[in-house]
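Observations on the model geometry
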Amino acid sequence: MAFEGLADRLQSTIKKMTGKGKVSEQDVKVMAREVRLALLEADVNFKVVKEFVNKIRERAVGSEVMESLTPGQQVIKIVKEELTALMGGEQSKIAVADRPPTVIMMIGLQGAGKTTTTGKLANLLRKKHNRKPLLVAADIYRPAAIDQLKTVGKQLNIPVFEKGTEANPVDIANEAIEYAKAEHLDYVIIDTAGRLHVDTDLMDELNQIKTSVTPDEIFLVVDAMTGQDAVNVAENFDQQLNVTGVVLTKLDGDTRGGAALSIKAVTNKPIKFIGMGEKLDQLEDFHPERMASRILGMGDVLTLIEKAEATIDEKKAKELEEKMRSASFDFDDFLEQMEQVKSMGPLDELLGMLPGANKMKGLKNVQLDDKQLVHVEAIIKSMTKQERQDPNLMNSSRKRRIAKGSGRPIAEVNRLIKQFNEMRKMMKQMSGMQGGKKGKRRKGFNFPMM
Amino acid sequence: MSFFKKLKEKFSSTSENKQSSEKYQSGLEKTRQSFSSKLNDLMARYRKVDEDFFEELEEVLISADVGVNTVMELVEELEMEVKRQNIKESDQLKEVISEKLVAIYMDENESIPTLNIQEDELSVILFVGVNGVGKTTTIGKLAYKLKQEGKKVMLVAGDTFRAGAIEQLDVWGERVGVEVIKQSSGSDPAAVVYDGIQAAKSRGADVLICDTAGRLQNKVNLMNELSKVNRVIEREIPGAPHEVLLVLDATTGQNALSQAKVFSEATNVSGIVLTKLDGTAKGGIVLAIRKELNIPVKLVGLGEQMTDLQVFDPNAFVYGLFSDLIDAEAD
Ligand SMILES: Nc1nc2c(ncn2[C@@H]2O[C@H](COP(=O)(O)OP(=O)(O)OP(=O)(O)O)[C@@H](O)[C@H]2O)c(=O)[nH]1
Ligand SMILES: Nc1nc2c(ncn2[C@@H]2O[C@H](COP(=O)(O)OP(=O)(O)OP(=O)(O)O)[C@@H](O)[C@H]2O)c(=O)[nH]1
Ligand SMILES: [Mg+2]
Ligand SMILES: [Mg+2]
């Protein structure tokens, strides 16, 4: 991926913030700028970005962020909430006409993926909804457009209606509907030629088809890699034809797909489906939340944050921090922290959700085995209360007993104690460095032993 | 002499320049108007050069899909320039802005990039790019153009995957009147291209143009397949492919930069064809691609007809983008 995501950006921004104990308005401004850049890099239209960032800034100046221990995550959370709200609910439904056939018109710019999506939709209607669709070849302009649709029809074993390249697209569409009625086919999907939204003649043609066949759905097909111009395209097609939904194609690529947000913002029409490949079964329902994460380039970091929020409350985190600073952190705390992390889900899954985690040096060789955690737990639980609270008590006979009690080799017990002591030493140093900053710079969570 | 005057003079010096300028003017009508009028509008609204001014300038550039990094760097440079020259009013900045933008694209004495076509031996041109950008159409247009120039051209249908791809190239071959070498759908593209080369050699063709299936750059297998096609060409003819043209859709945003990077790793991309510039998109990402990867745009697609292909003239492109500004300044 070409750009770092918002999570990485905010993280490095926060690292740069000088510890003042509190997030200042200037800090919020800096963070807002990062949000702006991330969205622009995802191709969200600049006007949409502007409005959006203003909203974020207003909310961020409030206590939510400024009082938080983890301002970066709070900002991401706000961004995510607003973004998901803007993106709307899930609406991957297709209309059903009172009297069949239901007519769907596919429209869009050249090369967006209309013909392919026509085939995919028919496939979906038949497979998922048990319908009998008809494909209509109304693109008389592009060389071999009819051949293409016919091949798609053959691959799917779904009928294709065509009248060659000499017939008028309006007539083709009309006759196709008559044909569908006669053949008892209940969906008619019309594949139209790609055209520019500023081509008045061809836009007129679409309007004539629309008037003539009164479609139940008009799907605007948009390439997910579209840049700033997505708003012009969507706005124009929508104003002239009043589209009922959007299909976003080529999302199997590595584009952030900010166009999705732009289109939703200017047309307020639902994104119904996404194209996830060239094959005819690669059409998926649209999930606003996933799209939000993708635009921000943060993998599933949002899910991760939610999990963390649900399991680690801030009060406990503060207590823990206090302990770290006074170096009174003991095996019980260690166990508790481990438990919290564990309750968030399998470790390697958690790490997989962290953007860039796979790139982190050192992490590669760490065995993210949940079994290991169980062993650590067993070892700690075999310690006496005193031993847990005062690790200095450990001697070789105690270690032997612990090994026996937990059923783990003595070497493993030794390693754990060593690691724990090192961790404690590190904490002491860290809190010494941070002085009175109350750990504002602390990242979300500390995985034990890593 | 002012920068604008220089550009204008350079521009009107030959009739050929004038001609291509006119084509650009009409082709880029929408692009040009909205871009330079936006810039003019910005100047009119902000007398003073301040933070808000720069933010809006960023937006004007970003709205043309100029890469975000490129824009940020450019604006930073401008901010420094403003400090250095103690510029206070936006008017004074007009020329500096255009100068900086132009400088990304043009060296002082840069000539129009031409296609590397050999005089007395077979030249092979390989077309690559993501799905639906206009590879096959551009091949049809280029075949027409080269044929007009008196070359014997042959096409090879290297897209054996997409429904109707071979038929589409066939129609173009018929339209232009050039032979198309093909196999059945689903066959190995490298084998088809190999066939094409043998046929072109034995029939004494001047130029062989290879179509390939559209592929997204993150599909490792498909990129490997493309490298294989490229290797076959390299092996069969020393020095070939003479051009690897990456086709980019002007509507594409930031992802075009990643396309350029990854396709350059799989093949030796020698130039870019920027298609669909007859729409309202600006294709500004080619500025970022030029800046970061130094790949020149060689051809421009301005429509779906056979004749809608232009040689990319950076002078004309820049002049087209800024002609309002330039004319106003230089007169
Ligand atoms: N990777 C990927 N490719 C897609 C997807 N949808 C369509 N394509 C490809 O995009 C290219 C263009 O698709 P078409 O269906 O021909 O597009 P169109 O809108 O009908 O094009 P015109 O009729 O010329 O306007 C083809 O190579 C398709 O295989 C998708 O979701 N993912
Ligand atoms: N307006 C406009 N349309 C273009 C231009 N170039 C190509 N097209 C159209 O874009 C659509 C896709 O063009 P193709 O040549 O099939 O694209 P491709 O890259 O070969 O597509 P795949 O092989 O499916 O990856 C067709 O409808 C073309 O007519 C252009 O410069 N302007
Ligand atoms: Mg089509
Ligand atoms: Mg093609």
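Up top is the structure.
Residues numbered from 1 in each chain as written. Chains lettered and ligands numbered in written order. Predicted model: local features only at pLDDT ≥ 70, side-chain atom pairs only at ≥ 80, totals over all residues. Heavy atoms only, no water.

1. As for the interface of chain B and chain A
- Taken residue by residue, the interface counts 42 residues in chain B and 38 residues in chain A.
- With both chains or domains summed, chain B and chain A bury close to 3,500 Å², and 55% of this area falls on carbon and sulfur atoms.
- For the interface between chain B and chain A, the tally reads five salt bridges.
- Its salt-bridge partner being D252(A), residue K219(B) comes within 2.5 Å of it at the nearest N-O pair.
- The tally of links from chain B across to chain A stands at 19 residue pairs in polar contact (both at pLDDT 80 or more).
- With six residues, the single largest contributor to the side of chain B that touches chain A is helix α4 (residues 51-62) of chain B.
- Here the residues of the side of chain B that touches chain A sort into ten nonpolar, 18 polar and 14 charged. (Contact = heavy atoms within 4.5 Å. Buried area = accessible area lost by both parts, 1.4 Å probe. Salt bridge = Lys/Arg side-chain N within 4 Å of Asp/Glu carboxyl O. Polar contact = N/O pair within 3.5 Å; in protein donor to acceptor, adjacent residues only side chain to side chain. Helix = DSSP H or I, 4+ residues; strand = E, 2+ residues; numbered from the N terminus. Nonpolar A, V, L, I, M, F, W, Y, C, P; charged D, E, K, R; others polar.)

2. A short note on the site of ligand 2
Residues and elements named next belong to chain B.
- As a matter of local geometry, ligand 2 sits amid 22 residues, with K135, T136, T137, R162 and E304 nearest to it.
- The separation between an oxygen atom of ligand 2 and a polar side-chain atom of T136 is 2.8 Å.
- If ligand 2 stood free it would expose 650 Å²; the protein chains cover 96% of that surface.
- Sort the elements by how many residues they give to the shell around ligand 2 and helix α7 (residues 135-148) lands first, with four residues.
- A breakdown of the residues in the shell around ligand 2 according to their chemical character gives three nonpolar, eleven polar and eight charged. (Near = heavy atom within 4 Å. Areas by Shrake-Rupley, 256 points an atom, 1.4 Å probe, with all protein chains shown as cover.)

3. Some thoughts on the site of ligand 1
- With respect to spatial proximity, 23 residues lie near ligand 1, and among them G113(A), K114(A), T115(A), T116(A) and R142(A) are the closest.
- The local environment of ligand 1 is shared, drawing residues from chains A and B.
- In the model, an oxygen atom of ligand 1 is placed 3.2 Å from a nitrogen or oxygen of the A112(A) main chain.
- In isolation ligand 1 offers 650 Å² of accessible surface; the protein chains occlude 96% of this area.
- For the shell around ligand 1, the element with the most residues is helix α6 (residues 114-129) of chain A, which contributes four residues.
- Here the shell around ligand 1 is built from residues that sort into four nonpolar, eleven polar and eight charged.

4. Observations concerning the packing of α4(B) against helix α6 (residues 93-105) of chain B
All names here are of chain B.
- At their nearest, the axes of α4 and α6 sit 14 Å apart, and the two run at 40 degrees to each other. Our classification of the angle between α4 and α6 gives oblique. Judged by the sense of rotation from one axis to the other, the crossing of α4 with α6 is right-handed. Of α6, the residues touching α4 (which contributes F53, F54, L57 and L61) are L93, I97 and L101.
- Residues that form the contact of α4 with α6 fall into these classes: seven nonpolar, no polar and no charged. (Axes fitted to C-alpha atoms, helices over the stretch in contact; angles between N-to-C directions. Parallel < 35°, antiparallel > 145°, perpendicular 65-115°, else oblique. Left-handed = near helix turned anticlockwise from the far one by under 90°.)

5. Brief notes about the sheet that holds strand β6 (residues 245-249) of chain A
All names here are of chain A.
- With mixed pairing, the eight strands of this open sheet are ordered in space as β3-β2-β4-β1-β5-β6-β7-β8. The open sheet terminates on both sides in strands that have one partner only, identified here as β3 (160-161) and β8 (283-285).
- Where strand β1 (residues 102-107) and strand β5 (residues 217-223) come together, four bridges link them in parallel fashion. Considered in β5, the bridge of I107 is made with L220.
- Helix α8 (residues 169-183) contacts β1, β2 (133-138), β3 and β4 (187-192) of the sheet and is inclined by roughly 165 degrees relative to β2. (Pairing = 2+ DSSP bridges.)

6. Description of the environment of D229(A)
- Within the secondary structure layout, D229(A) lies in the loop between β5 and α10 (230-241).
- Beyond its immediate stretch of four places on either side in the chain, D229(A) contacts H197(A), D65(B), T251(B), T280(B) and A281(B).
- Only 2.6 Å separates the side chain of D229(A) from the side chain of N232(A), close enough to count as a polar contact.
- A polar atom in the side chain of D229(A) sits 3.2 Å from the backbone nitrogen of A281(B).

7. Side note on the nonpolar core
- In terms of nonpolar packing, the biggest core is built from 167 residues, with L248(A), F53(B), L57(B) and I209(B) touching the most fellow members.
- No other element matches the seven residues that helix α5 (residues 68-85) of chain B contributes to this core.
- Among residues more than four places away in sequence, those in contact with L248(A) are V222(A), A224(A), A260(A), I263(A), I271(A), F273(A), I274(A), G275(A) and M291(A).
- Among the nonpolar cores identified, the runner-up in size contains 24 residues, and A122(A), L124(A), V152(A) and I158(A) belong to it. (Core = buried A, V, L, I, M, F, W, Y, C linked by side-chain atoms within 4.5 Å. Buried < 20%, exposed > 50% of the residue type's maximum accessible area, 1.4 Å probe, protein only.)

8. Brief notes about the packing of aromatic side chains
All names here are of chain B.
- Enumeration according to the criterion identifies two aromatic pairs over all chains in this entry.
- Seen from their ring centres, F53 and F54 are 5.5 Å apart, and the 75 degrees between their planes marks the pair as edge-to-face.
- The exposure class of F53 is buried, given its relative accessible area of 0%.
- The ring of W172 has R175 sitting right over it, with the charged end atom 4.6 Å from the ring centre. (Phe/Tyr/Trp six-rings, centres within 6.5 Å; stacked < 30°, edge-to-face > 60°. Lys NZ or Arg CZ within 6 Å of the ring centre and 35° of its normal.)

9. Structural notes on unusual backbone geometry
- Residues P100(A) and P101(A) are joined by a peptide bond in cis, for which omega reads 5 degrees.
- Position of P101(A) among the secondary structure elements: in the loop between α5 (71-87) and β1.
- Non-glycine residue N294(B) carries a positive phi angle of around 55 degrees.
- Locating N294(B) in the fold gives a position in the loop between α12 (285-293) and β7 (297-301).

10. As for the pattern of salt bridges
- In total, this model carries 33 salt bridges over all chains according to the counting rule given.
- Notably, a salt bridge pairs R59(A) with E82(A), separated by 3.0 Å at the nearest N-O pair. Pair noted here: R59(A) is in helix α3 (residues 46-61) and E82(A) is in helix α5, with a separation of 23 residues, a long-range link.
- R84(B) is the partner of E81(B) in a salt bridge, and the nearest nitrogen-oxygen pair spans 2.7 Å.

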